[in-house]
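Working through the structure, step by step
Each chain is listed here by its residues.
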Amino acid sequence: METLIPTINRLQEVFLTVGAEIIQLPQIVVVGSQSSGKSSVLESLVGRDFLPRGSGIVTRRPLVLQLVNVAPLQERLGTENGNGVKQNAQNSHPGVKAEEWGTFLHCKNQIFTDFLEIRREIEAETERSSGDNKGISPEPIYLKIFSPNVLNLTLVDLPGITKVPVGDQPEDIEAQVQEMILYFISNPNSLILAVSPANSDLATSDALKLAREVDPDGRRTLLVVSKLDLMDAGTDALEVLLGRVIPVKLGIIGVVNRSQHDINTQKSLEDSMRDEQAFLQRHYPSLASRAGSRYLAKTLSRLLMHHIRDCLPDLKTRVTVLSTQYQARLNSYGQPVEDHSATLLQIVTKFASDYCNTIEGTARHIQTSELCGGARICYIFHETFGRTLQSIDPLGGLTDLDILTAIRNATGPRPALFVPEVSFELLVKRQIKRLEEPSLRCVELVHEELQRIIQHCSSFSTQELLRFPKLHDSIVEVVTGLLRKRLPITNEMVHNLVAIELAYINTKHPDFTDAAQVSASVNSQQAEALDGGKRWKNEKVVEEKTPATGFGSPSKVQAINLLDTAVPASRKLSAREQRDCEVIQRLIKCYFLIVRKGIQDSVPKTVMHFLVNNVKEHLQSELVGQLYKQALLKELLIESQDTAQQRTEVAQMLEALKKANNIICEIRETHLW
């Protein structure tokens, strides 16, 4: 158990070397209002005067104080002169010829044996960061004190809670101090040492109020009632110390601080502790054994050791998880470039492989939020393009009048006895031409997806590529250029597919219905309609044989220009006209479906051959040919400004985590119980 606190101190030193507080270590945080006696309590734990003194706010920066128990000087000298030197916390500085000494983290390899010098260094370091007036700073000062008269402890002394700004302090000094205190005591692995003077109402204690905000159950809070000797005559703090006023689960300990007169007369702490015990025996005889500075030190050491024991398993888990995360980050940064040629070939090959794997659907990083790569190309072929073709009406845009006009234009000045083939070819080509636009749109969509795959590979598959911005941009430019070069070729081939269908209308296609069969089918369906039409024609002949009354009139008849007569936009078709229109419509629909089926099958094959597969086959050779040039190697493989720095920082943090893990593993299971 005694090794737990030094272990935490070593962990704290390890993480301070990398300037990061990624793990919240167990420690005791001292909280109290200004002039509540915090400094006197800490000095009583050390047994020496070393903290700055004065009026107003004195502690203006957090002071992380590590107390390390060492053997007395004579015992250490005897051990060093012996055959073996025991390497532990007690002989961290075997060459120091002093009973007690201190060291600062910011003063490397400097040992302070005079505690007045320690006080001056604290004041000087505070002024360097906080100014020489009354400003505060959240940057901690790290002080380690070695002494045979202390118990192993780690404490954090914070600025006292103040209400009114003085000097060059900002107007929101109270909020700043409270924010700083809450930052330290919000650590769930910290114990809160709340200091409140006995001559003030405990219900208005600022220290307890802040402690309650982060520790409402009081499981991490220990209350110290200071200045017991300054209470009004006839009153005492017995009810408070017994926990009957405000209960605190970790306990309430009363202490007697040195007065300003004792400090001015340089009364020793040993004499002050004797007077403290005498005062407690006189006024609180039933609590004398559970009060005072010595009892407080033992209690804090015991509580901290048990608290560390409880937190250690979670700390070990946290260190292990962080080690894994930082190792993964370090791997993502890669190693510094030594062989530029090999590195470039490796990255280019990896990118080309990931690009092709994304198309084939075998990439390691598969998206689950949307379709990408080959899956999206398949969707374009069979869903987007396929459905668009299926939605095209074979007879869309054709009216009966258009068909009749085409038939008449194909027969010239002679009336047609049969439906002319020229009219059929003219109309069916017009419909087939409508398939070209969606086919070219299909090529465009696939080209866009191939562009998207470039960004997908850059972001997910080839993390090492992100280290080199110029190489990344060059690869994107080369692949984009390759796609841009293949796009017009593919468009031309798709255009030719439609042009081929327009070049020759194969009426002998096995799936094409014979025109005679269509005509016979239409005639049979219109047989009844034709019988009824004969009677209508006979009646019309009788009417025509009857002479018109207007012809016998002697009046002069005006000449009519037939070319100026407007053609009716719509009229009722005769039976033969209806039959001819239906024959043409059936033939167009039948042949259009044949062509549409072929286009729906051949366009994806054309796109795959001339665009997708061609890019896959020539991607790596194109990248190597464009980028693998001696003049470009060093320029392309220049890392971003942040990558090298981040790699160094992550490597240092990973090394610190490994040291922390080794330190924790040194503690045997028997030490935890």
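Residues numbered from 1 in each chain as written. Predicted model: local features only at pLDDT ≥ 70, side-chain atom pairs only at ≥ 80, totals over all residues. Heavy atoms only, no water.

1. Considerations on the packing of helix 13 (residues 400–411) against helix 19 (residues 575–627)
In a packed pair of helices, the relevant descriptors are the angle between the two axes and the axis-to-axis distance. Note the threshold: Axis definition: a line fitted to C-alpha atoms, over the contacting stretch in the case of helices. Angles run 0 to 180 degrees between N-to-C directions. Secondary structure elements are taken from DSSP: a helix is a run of H or I of four residues or more, a strand is a run of E of two residues or more, and numbering for both begins at the N terminus. Roughly parallel covers angles under 35 degrees, roughly antiparallel covers those over 145, roughly perpendicular covers 65 to 115, and oblique covers all other angles. Note on contacts: a residue pair is in contact if any heavy atoms of the two residues lie within 4.5 Å. Gly falls in the polar group here, along with every residue not listed as nonpolar (Ala, Val, Leu, Ile, Met, Phe, Trp, Tyr, Cys, Pro) or charged (Asp, Glu, Lys, Arg).
Between helix 13 and helix 19, the shortest axis-to-axis distance is 10 Å and the interhelical angle comes to 95°. Between helix 13 and helix 19, the interaxial angle falls into the category roughly perpendicular. Note on element contacts: helix 19 touches helix 13 through Glu577, Asp580, Cys581, Ile584 and Gln585, opposite Asp400, Ile403, Leu404, Ile407 and Arg408. Residues belonging to the contact of helix 13 with helix 19 are distributed by class as follows: 5 nonpolar, 1 polar and 4 charged.

2. Notes on the side chain of lysine 144
Along the chain, the position of lysine 144 falls in strand 5 (residues 141–147). In this view, lysine 144 contacts Glu13, Gln66, Val68, Trp101, Gly102 and Thr103; residues no more than four positions away in its chain are not counted.

3. Observations regarding the nonpolar core
Selection criterion: By nonpolar core we mean a set of buried residues, namely Ala, Val, Leu, Ile, Met, Phe, Trp, Tyr and Cys, connected to one another through side-chain atoms within 4.5 Å. The cut-offs for exposure are 20% and 50% of the maximum accessible area for each residue type, with area from a 1.4 Å probe on protein chains only; residues under the lower value are buried, those over the upper are exposed, and the others partly exposed.
Residues Tyr355 and Leu450 are the most contacted members of the largest nonpolar core, which totals 68 residues. Only helix 11 (340–360), helix 12 (374–390), helix 13, helix 14 (421–432), helix 15 (436–461), helix 16 (469–503), helix 19 and helix 20 (630–636) provide two or more residues apiece to this core. With near-sequence residues (within four places) excluded, tyrosine 355 lies in contact with Leu450, Ile453, Ile454, Cys457, Val479, Leu483, Val615 and Leu619. Of all hydrophobic cores here, the second largest spans 61 residues; its members include Leu11, Val30, Phe104 and Leu143.

4. Things to note about the packing of aromatic side chains
Working definition: an aromatic ring pair is given by the centre-to-centre distance plus the angle between the planes. This is how it is decided: Side-chain rings of Phe, Tyr and Trp (the six-membered ring for Trp) are treated as a pair once their centres are within 6.5 Å; stacked means planes under 30 degrees apart, edge-to-face means over 60, and tilted covers the remaining angles.
Applying the stated criterion to the full structure yields 8 aromatic pairs. Both rings, one in tryptophan 101 and one in phenylalanine 146, keep their centres 5.0 Å apart while their planes meet at 15°; by these two values the pair is stacked. Taken together, the residues span a long stretch of sequence, with tryptophan 101 in strand 3 (residues 101–104) and phenylalanine 146 in strand 5 at a distance of 45 residues. For the pair tryptophan 101 and phenylalanine 146, one class covers both residues: buried. Aromatic ring contacts, followed pair by pair, group Phe424, Phe512 and Tyr591 into a single cluster.

5. Examining the pattern of salt bridges
Stated precisely, the cut-off is as follows: The salt bridge definition used is simple: a Lys or Arg side-chain nitrogen within 4 Å of an Asp or Glu carboxyl oxygen.
Applying the stated criterion across every chain yields a total of 19 salt bridges. For the salt bridge of glutamate 383 with arginine 387, the shortest nitrogen-to-oxygen distance reads 2.9 Å. A residue pair is termed a helical-turn pair when its members lie 3 or 4 positions apart in one helix, as glutamate 383 and arginine 387 do in helix 12 at 4 residues. Residue glutamate 383 is classed as partly exposed on the basis of its relative accessible area, which comes to 27%. Judged by relative accessible area, which is 57%, arginine 387 ranks as exposed. Here the salt bridges do not stand alone but share partners, grouping Arg61, Glu121, Glu125 and Arg128 into one network.

6. A closer look at the environment of leucine 300
Residue placement: leucine 300 occurs in helix 10 (residues 293–333). You can call leucine 300 buried: its relative accessible area is 3%. Taking the C-alpha atoms as reference points, leucine 300 and leucine 45, separated by 255 residues in sequence, lie 9.7 Å from one another. Non-local contacts of leucine 300, meaning those with residues more than four positions away in its chain, are made with Ile28, Leu45, Leu153, Leu155, Leu193 and Leu222.

7. So, the sheet that holds strand 5
Selection rule: Paired strands, as defined in this entry, are two strands with at least two bridges between them according to DSSP.
One open sheet holds the 9 strands; their spatial order is 4-3-5-2-6-1-7-8-9, and the pairing between them is mixed. Taken across any chain shown, the strands that pair with only one partner, and hence form the sheet edges, are strand 4 (111–112) and strand 9 (252–254). Sheet topology places strand 1 (residues 27–32) next to strand 7 (residues 190–197); 6 bridges connect them, and they run parallel. Along strand 7, the bridge assignment pairs valine 31 with alanine 194. Strands in contact with helix 5 (residues 173–185) are strand 1, strand 6 (153–157) and strand 7; relative to strand 1, the strand with the most contacts, it is inclined by about 155°. Lying on the sheet, helix 6 (residues 206–214) is in contact with strand 1, strand 7 and strand 8 (221–226); it crosses strand 7 at an angle near 155°.

8. Some details on the pairing of strand 6
On a regular strand, one side chain projects to one face of the sheet and the next to the other, so that they alternate. In terms of burial, strand 6 is a largely internal element, 5 of the 5 residues being buried. Along strand 6, one buried face is formed by Leu153, Leu155 and Asp157 and the opposite face, lined by Thr154 and Val156, is buried too. The sheet contact formed by strand 1 and strand 6 spans 3 bridges and is parallel. Each residue of the ladder has a partner; that of valine 29, found in strand 6, is valine 156. Across 5 bridges, strand 2 (residues 63–69) lies against strand 6 in antiparallel orientation. The residue of strand 6 that forms the bridge with glutamine 66 is threonine 154.

9. Overview of helix 1 (residues 4–16)
Short version of the rule: To estimate the expected span of a helix, subtract one from its residue number and multiply by 1.5 Å.
In a regular helix each residue adds 1.5 Å, so 13 residues correspond to 18 Å; helix 1 covers 19 Å between its end C-alpha atoms and thus fits that length. With respect to burial, helix 1 is a largely interior element, 11 of its 13 residues being buried. Within helix 1, burial applies to Leu4, Ile5, Pro6, Thr7, Ile8, Asn9, Leu11, Gln12, Val14, Phe15 and Leu16. Against strand 1, strand 2, strand 5, strand 6, helix 10 and helix 21 (641–666) lie the buried residues of helix 1.

10. Some thoughts on unusual backbone geometry
Located in the positive-phi region is lysine 227, a residue other than glycine, with phi close to 55°. Mapping lysine 227 onto the fold places it in the loop between strand 8 and helix 7 (238–241).

11. A short note on the environment of aspartate 354
Going by this rule: We call two N or O atoms a polar contact when they sit within 3.5 Å, provided that within protein one can donate a hydrogen and the other can accept it, with sequence-adjacent residues counted only if both atoms are side-chain atoms.
Position of aspartate 354 relative to the elements: it lies in helix 11. Each C-alpha atom, one on aspartate 354 and one on histidine 456, is 9.5 Å from the other, the two residues being 102 residues apart in sequence. Side-chain polar atoms of aspartate 354 contact the side chain of lysine 350, separated by 2.8 Å.

12. Points about the side chain of serine 272
Here serine 272 shows up in helix 9 (residues 269–283). Not counting residues up to four positions away in its chain, the partners in contact with serine 272 are Arg258 and Lys267.

13. Brief notes about the pairing of strand 3
Side chains Trp101 and Thr103 project from strand 3 onto one buried face, and the interleaved Gly102 and Phe104 project onto a second face that is buried too. Both strand 3 and strand 5 contribute to a ladder of 4 bridges, which runs antiparallel. Across the sheet, the residue bridging to tryptophan 101 is phenylalanine 146, located in strand 5. Two elements, strand 3 and strand 4, share 2 bridges in a ladder whose sense is antiparallel. Looking at the pairing, threonine 103 lines up with isoleucine 111 of strand 4. Between the antiparallel neighbours strand 3 and strand 4 lie 6 residues, among them asparagine 109 with a positive phi of about 65°.

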